[in-house]
Amino acid sequence: MKIVILAGSNRKAATSTKLAKYAGRLIEQKGHSVTLFDLYRTPLPFYSPDDYGVEHAELIVLKQSLVEADGIVLVTPEYHGSISGVLKNALDHLGQDHFNNKPVLSVSSSGGAVGVSSLTQLQAMVRNLHGINSPEWLSIGGAQRKWFEGELDSYEIGQDIDDRINRVVASFLDLTKLVRGQSQPAASNPVQ
Ligand SMILES: Cc1cc2nc3c(=O)[nH]c(=O)nc-3n(C[C@H](O)[C@H](O)[C@H](O)COP(=O)(O)O)c2cc1C
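Residues numbered from 1 in each chain as written. Predicted model: local features only at pLDDT ≥ 70, side-chain atom pairs only at ≥ 80, totals over all residues. Heavy atoms only, no water.

The name an unreviewed UniProt entry assigns to the protein chain is NADPH-dependent FMN reductase, from the organism Paenibacillus solisilvae. According to its UniProt record, the protein chain has this under Sequence similarities (unreviewed entry): "Belongs to the azoreductase type 2 family." (UniProt positions renumbered as here; feature names shortened; annotations may be inferred.)

If you want it as structure tokens, here you go:
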């Protein structure tokens, strides 16, 4: 399957982006292709409805990747109880053409213990884009972010957070396979 990860930080050493890469690596290890679109390295223009039809090279690449994606991962730092401005701006450029009937996993990094406010808001946006919210979501917060402050290959991931990332990613991939018709749902018990 093709998975697109949209990393929504505008900070060079963002823990959310490192978490995005960590999850991306896990997804690749399970045999899927991953395209990571990092909004720090690839900034998008401010969305304006007046610019309809004006094309931007990186935006074309992002839109095409999303059209071809089987599943999407949206990753954000928690800012003022919501998502980052750069991720919201990217989503404003996008629409149902890119999300319709696709499973979407929401992921955040927060200063507090967990970034649930941004995840709740992200899921509301996914619903409005006609994506399918993965039942699990993922947030690292507080001291957990320390595990993502080093370079990717030198992480010492705490066992708890590593277990959770593995479980959430596996559940998102299972849903994506089911929705994309690559596996069968478990047989339900016949009604007596
Ligand atoms: C503008 C701004 C607003 C923030 N608002 C919150 C907040 O509402 N709740 C919270 O727990 N942390 C908040 N933080 C802390 C960030 O969520 C935290 O530093 C996070 O790890 C940043 O992600 P990053 O490492 O990907 O940049 C805020 C940080 C900034 C810069």
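On we go from here.
Trainee: Tell me about the site of the ligand, and please be specific about residues and values.
Mentor: Around the ligand lies a shell of 15 residues, among which R11, T15, S16, E78 and G112 are the nearest. Within the backbone of E78, one N or O atom sits 2.7 Å away from an oxygen atom of the ligand. Within the contact set of the ligand, a nitrogen atom lies 2.8 Å away from a backbone nitrogen or oxygen of H80. Surface burial for the ligand is 69%, taken as the share of its 640 Å² of free accessible area covered by protein chains. Elements supplying a minimum of two residues to the shell around the ligand: α1 (15–29) and β4 (103–110). (Near = heavy atom within 4 Å. Polar contact = N/O pair within 3.5 Å; in protein donor to acceptor, adjacent residues only side chain to side chain. Areas by Shrake-Rupley, 256 points an atom, 1.4 Å probe, with all protein chains shown as cover. Helix = DSSP H or I, 4+ residues; strand = E, 2+ residues; numbered from the N terminus.)

Trainee: Describe the environment of L36, naming the residues involved and giving the relevant values.
Mentor: Considering the arrangement of structural elements, one finds L36 in strand β2 (residues 33–38). L36 sits in the partly exposed class, given a relative accessible area of 32%. For the pair L36 and K102, spaced 66 residues apart in sequence, the C-alpha to C-alpha distance is 17 Å. If we ignore the near neighbours within four places in the chain, the residues touching L36 are I5, A20 and K21. (Buried < 20%, exposed > 50% of the residue type's maximum accessible area, 1.4 Å probe, protein only. Contact = heavy atoms within 4.5 Å.)

Trainee: Got a sec to walk through the nonpolar core? Specific residues and values, please.
Mentor: Counting 25 residues, the largest nonpolar core has V73 and I165 as the members making the most contacts within it. Secondary-structure elements contributing two or more residues to this core are β1 (2–7), α1, β3 (71–77), β4, β6 (138–141) and α6 (159–179). For I165, the contacting residues outside a window of four places in its chain are L19, Y22, L26, L138 and F148. Counting 22 residues, the second largest nonpolar core, distinct from the first, contains L44, I83, F99 and V104. (Core = buried A, V, L, I, M, F, W, Y, C linked by side-chain atoms within 4.5 Å.)

Trainee: Outline the side chain of D162, supporting the account with residue identities and numerical values.
Mentor: With respect to the helices, strands and loops of the structure, D162 is situated in helix α6. Lacking a salt bridge, the buried D162 has R25 as its closest oppositely charged neighbour, with an N-O distance of 9.7 Å. Discounting chain neighbours no more than four positions away, the residues touching D162 are Y22 and I157. (Lys, Arg positive; Asp, Glu negative; His and termini not counted. Salt bridge = Lys/Arg side-chain N within 4 Å of Asp/Glu carboxyl O.)

Trainee: Describe unusual backbone geometry, listing the residues and the values that go with them.
Mentor: The backbone of H80 shows a phi angle near 50 degrees, a positive value even though the residue is not glycine. Secondary-structure assignment places H80 in the loop between β3 and α3 (85–93).

Trainee: Break down the packing of aromatic side chains for me, with residues and values.
Mentor: Within this structure, the stated rule accounts for 1 aromatic pair. Aromatic pair Y22 and F148: ring centres 6.0 Å apart, planes at 85 degrees, arrangement edge-to-face. Residue Y22 is found in helix α1, and its partner F148 is found in the loop between β6 and α6; the two are separated by 126 residues along the sequence. By relative accessible area, which is 0% here, F148 ends up buried. (Phe/Tyr/Trp six-rings, centres within 6.5 Å; stacked < 30°, edge-to-face > 60°.)

Trainee: Provide a residue-level description of the environment of L74, including the pertinent values.
Mentor: Within the element layout of this structure, L74 appears in strand β3. Residue classification places L74 among the buried positions, given a relative accessible area of 0%. Residues L74 and L87 lie 13 residues apart in sequence; the distance between their C-alpha atoms is 8.4 Å. For L74, the contacting residues outside a window of four places in its chain are L6, L91, F99, V104, L105, S106, V107, L122 and V126.

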